[in-house]
Amino acid sequence: MAIAACTHRDGVIPDVSFNADIMPVIRESCSINGSCHIGAYNANGHIDLNDSVAYNTIITKGLVNTKNPAASLLYSEIETGFMPIAPVKPLSAGQARLILNWIEQGAKNN
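Just so it is clear, the structure is predicted and the values come from calculations on it, not from any experiment.

About the cut-offs
Residue numbers restart at each chain and count upward from 1, following the sequence in its written direction. Reporting in this predicted model follows two pLDDT cut-offs: at least 70 for local features of residues, and 80 or more for side-chain atom pairs to be given and counted; totals over whole chains, interfaces and linings ignore these cut-offs and use all residues. Note: side-chain values were computed over all heavy atoms of the structure, leaving out hydrogens and water. Only Phe, Tyr and Trp rings are paired, with Trp represented by its six-membered ring, and only when their centres lie within 6.5 Å; those with planes under 30 degrees apart are stacked, over 60 edge-to-face, the remainder tilted. Here a strand is any run of E in DSSP of at least two residues, a helix any run of H or I of at least four, and the numbering for each starts at the N terminus. Burial classes: relative accessible area under 20% of the type maximum marks a residue as buried, over 50% as exposed, and values in between as partly exposed (1.4 Å probe, protein chains only).

Colleague: What is the right way to read the packing of aromatic side chains from this model?
Modeller: To describe a pair of aromatic rings, one takes the distance between the centres and the angle between the planes. Under the criterion given, the structure shown has three aromatic pairs. Geometrically, the ring pair formed by Phe18 and Tyr55 is edge-to-face, given 5.2 Å between the ring centres and 75 degrees between the ring planes. Of the two residues, Phe18 is situated in helix α1 (residues 18-29) and Tyr55 in helix α2 (residues 54-60); the sequence distance between them amounts to 37 residues. Here Tyr55 and Trp102 contribute two aromatic rings whose centre-to-centre distance is 6.3 Å and whose plane-to-plane angle is 75 degrees, an arrangement assigned as edge-to-face. Placement of Tyr55 in helix α2 and of Trp102 in helix α4 (residues 93-104) is noted, with a sequence separation of 47 residues between them. Per residue, the accessibility class of Tyr55 equals that of Trp102, and both read buried. Clustering of aromatic rings is evident, with ring pairs tying together Phe18, Tyr55 and Trp102.

Colleague: How should I be thinking about unusual backbone geometry in this particular structure?
Modeller: Note: most peptide bonds trans; most residues except glycine with negative phi. The linkage connecting Met83 with the following residue, Pro84, adopts the cis geometry, with an omega of -10 degrees. Cis geometry is found at the peptide bond from Ala86 to Pro87, where omega equals 15 degrees.

Colleague: What's the story with the environment of Pro90 in this structure? I'm lost.
Modeller: In this structure, Pro90 sits in the loop between α3 (73-79) and α4. Note: C-alpha distance between Pro90 and Thr80 (10 residues apart in sequence) is 9.9 Å.

Dropping the structure here:
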């Protein structure tokens, strides 16, 4: 994951993959049990981030804004420390940047 969050020497940020780069972060920090973002009737506004529906949920719930990526709810709640909720540890700066890079690259389902 850290490699995708880096900028290469030529200034190009490598493509970020939703499945290979973003889903592991979601699994680790967001969809960890029934009281977090997993299952259709979870305690967090029915934002289901289970593997099979995570991408569709993120898109249909308007959690990303590809025109203004930093304003995306998915990113801003992580960046401000609002999510994830304790006792889950906050995402690292690299993980947050990875998510922002993915949104900046068009939030593709790749």
